[in-house]
Amino acid sequence: MNKPLRRIAIFCGLLVLTLLIRDNWLQYVQADELKEDEHNRRVAIERYASPRGDIIVDGNAITGHATTEGDFKYKRTYKDGAMWAPVTGYVSQAYGATQIEAINDGILTGNDDRLFFRNTLDMITGKKREGGNVVTTLNGAAQKAAYDGLKKQGAKGAVVALEPSTGKILSMASYPSYDPTSIAGGDDAAGEAWTKLQKKNDPDDPMLNRALREVYPPGSTFKVVTAAAALENDLYGSADEKTDSPLPWTMPGTTTELPNEGDLPCKDATLREALRVSCNTVFGKVGSDLGNEKMLEEAKKFGFTEEQFVPVRSSASVFSEDMAPSEVAQSSIGQFNTAASPLQMAMVASAVANNGTLMKPYMVDELQAPNLDTIEKTDPEEMSKPLSADNAQILQSMMETVVEDGTGTNAQIDGVKVGGKTGTAQHGVDNSENPYAWFLSYAKGDDGGAPVAVAVVIEDENAGRDDISGGGLAAPIAKNVMEAVIDSKK
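These remarks concern the structure in this document. Everything quoted here is computed from the prediction, not taken from an experiment.

## Details of the sheet that holds strand β2 (residues 60-61)
Ordered in space as β2-β1-β7-β13-β14, the five strands form an open sheet in which the pairing is mixed. Of all strands in the sheet, those with a lone pairing partner are β2 and β14 (374-377), marking the two edges. Strand direction decides the pairing type here: strand β13 (residues 364-368) and β14, joined by three bridges, are antiparallel. Paired with Glu366 across the bridge in β14 is Lys377.

Next comes the structure, spelled out in structure tokens:
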């Protein structure tokens, strides 16, 4: 071969080698990056070429699919979408996905690596790819009771119900809400719905999951945590021992008296009586006597200061460190800058009801292949022990007194032992805004176990200030949710 031909052959060989290297680089090194590139329309077309798997509640699908015009063949639909939106999130041809729809997208689309062998077999046989299912822990009747209760109030708010023995989330409702079906497509109607739902256009922010992402001052419901701290640190040894609680009581380091809500029998009141009538002075002084470090330690055992993943992320609840004694006192009655999500306060009630053991909350029970084989199963997991069993039972007796003969009588259920705590949390500059109404509770079964613990928060901006109370607004909703769970187990 003469020299010019040899050079051309070498040059052509180098070009072929370069193409091979580039091809392998694209297919193996950059494959994932290209696959996830938002401008790669083929991926999006393939994503919506098959129906998604379903999200399951009580053995039934709460999701579905519909065919559409254009490149994207299928879009997601939702049954009772507004009721379930805080659980499912949304998946949209135009706006992506959130919550369970996003976290478990691989299973639902059928693209999860754990379905590789099944998908390979389908390719060989020519069978169209199918999505798997996400089976939730939710209780349909409890969710309906929660959502209907919030809707009836017509005010912003949220409900979370847990199964104390396992940590299963039985209900997670938020109001106002939205129908994810309205934004599932990629057409003009979906765009108009999306624009209307944005917070700048709707100050009620219906897409906000208040059950997980909003934190509120918990008010007097936090006194359950403070009572637990008093018992765990041996400040008081029983529910019926008189406390060292002067009336009035001036917060340490200040000349300011901590007020009670009315003329209450709080002077040297027992922990039981103080919880029954909700004495600020007693629990403020308990927190101050214990000090910031011990109060923070107890709050952390209940889950404060850490995000929770259920698997959707919940905002971290707040109990501060390095506070002045007067600030600790206010924080110990759920004020100052103490803040909690509804999930967090349901966890507090759950731990007390479960004899002091807090189980890690979760709402995905299992992931299923398209043929319904189990791919992954969630096992209940102990998270912490905020109380000893003996102290938990003392606190149960105190919370049951609140419902039997205190501020929580609206949560009474015939033939069922119920424990609870009301809260009316002040907020705004100089407490100028309407307070938040809270109620946390649990119900006991015939065997003494607690099948359900509930937290409810209501933001009613239109109610008269004197008409807002945890016992009046939130307790009836909690009662209905507990009854729904109990009835579903019969």
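## Things to note about empty space enclosed by the protein
Taken as a whole, this structure holds one cavity of 30 Å³ or more when the rule is applied. The calculated volume of the largest cavity comes to roughly 50 Å³. Around the largest cavity sit Tyr48, Ser50, Pro51, Arg52, Gly64, His65, Tyr74, Lys75 and Arg76, which together line it. Looking at the lining of the largest cavity, the elements that each hand over two or more residues are β3 (63-67) and β4 (74-78).

## Overview of the packing of helix α4 (residues 81-88) against helix α8 (residues 140-153)
One way to put it is that α4 packs onto α8 with a least axis distance of 10 Å and a crossing angle of 110°. On the basis of their axis angle, the class for α4 and α8 is roughly perpendicular. Pair α4 / α8 crosses with right-handed handedness. Across the interface between the two elements, Ala82, Met83, Trp84 and Val87 of α4 pack against Gly140, Gln143, Lys144 and Tyr147 of α8. Partitioning the contact of α4 with α8 into residue classes produces five nonpolar, two polar and one charged.

## Here we look at the packing of aromatic side chains
Going through the model one piece at a time under the given rule, you end up with seven aromatic pairs. Arranged with centres 4.1 Å apart and planes meeting at 5°, the rings of Tyr95 and Trp194 form a pair that is stacked. Here Tyr95 is found in the loop between β5 (91-92) and β6 (96-97), whereas its partner Trp194 is found in helix α9 (residues 188-197), with 99 residues between them in sequence. Seen in terms of ring centroids, Phe222 and Phe304 are 5.4 Å apart; in terms of plane orientation they differ by 85°. Their pairing is edge-to-face. Residue Phe222 is located in the loop between α9 and α10 (223-232), and its partner Phe304 is located in the loop between α13 (292-301) and β10 (308-309); the two are separated by 82 residues in the primary sequence. When sorted by exposure, Phe222 lands in the same class as Phe304, which is buried. Taken together, the aromatic side chains of Tyr90, Tyr95 and Trp194 make up a single cluster linked through ring pairs.

## Points about the state of the cysteines
Disulfides are covalent bonds that link the sulfur atoms of two cysteine residues. In this structure the tally under the stated criterion is one disulfide. In this model Cys266 forms its disulfide with Cys279; the gap between the sulfur atoms is 2.1 Å. An S-S torsion of about -90° defines the bridge between Cys266 and Cys279 as left-handed. Placement of the pair is Cys266 in the loop between α10 and α11 (271-277) and Cys279 in the loop between α11 and α12 (280-290), with a sequence separation of 13 residues.

## Comments concerning the environment of Lys223
Mapped onto the secondary structure, Lys223 falls in helix α10. Residue classification places Lys223 among the buried positions, given a relative accessible area of 0%. Each C-alpha atom, one on Lys223 and one on Ser331, is 9.6 Å from the other, the two residues being 108 residues apart in sequence. Residue contacts for Lys223: discarding those within four places in its chain leaves Leu275, Ser278, Cys279, Asn280, Phe283, Ser332, Ile333 and Lys421. Separated by 3.0 Å, the side chains of Lys223 and Ser220 make a polar contact.

## So, the nonpolar core
Counting 119 residues, the largest nonpolar core has Val159, Phe304, Met363, Leu395, Val454, Ile458 and Val481 as the members making the most contacts within it. Once you skip the residues sitting within four places of it in the chain, Val159 turns out to touch Ala146, Leu150, Ser171, Met172, Ala173, Ala211, Val454, Ala455, Val456, Ile477 and Val481. Residues Tyr78, Tyr90, Val91 and Leu197 belong to the second largest nonpolar core, which totals eleven residues.

## Concerning the side chain of Thr270
Secondary-structure assignment places Thr270 in the loop between α10 and α11. Classification of Thr270 as buried rests on a relative accessible area of 16%. For Thr270, the side chain forms a polar contact with the main-chain nitrogen of Glu273, separated by 3.0 Å. Setting aside its immediate chain neighbours within four residues, Thr270 contacts Ala239, Asp240, Glu241, Lys242 and Thr243.

Scoring rules and cut-offs
Residues numbered from 1 in each chain as written. Predicted model: local features only at pLDDT ≥ 70, side-chain atom pairs only at ≥ 80, totals over all residues. Heavy atoms only, no water. Pairing = 2+ DSSP bridges. Helix = DSSP H or I, 4+ residues; strand = E, 2+ residues; numbered from the N terminus. 1 Å grid on protein atoms, 1.4 Å probe; cavity = no way out; pocket = protein on both sides within 12 Å on 5 of 7 lines; lining within 4 Å. Points joined across faces, edges and corners; volume = space filled by probe spheres on them. Axes fitted to C-alpha atoms, helices over the stretch in contact; angles between N-to-C directions. Parallel < 35°, antiparallel > 145°, perpendicular 65-115°, else oblique. Left-handed = near helix turned anticlockwise from the far one by under 90°. Contact = heavy atoms within 4.5 Å. Nonpolar A, V, L, I, M, F, W, Y, C, P; charged D, E, K, R; others polar. Phe/Tyr/Trp six-rings, centres within 6.5 Å; stacked < 30°, edge-to-face > 60°. Buried < 20%, exposed > 50% of the residue type's maximum accessible area, 1.4 Å probe, protein only. Disulfide = S-S within 2.5 Å. Polar contact = N/O pair within 3.5 Å; in protein donor to acceptor, adjacent residues only side chain to side chain. Core = buried A, V, L, I, M, F, W, Y, C linked by side-chain atoms within 4.5 Å.

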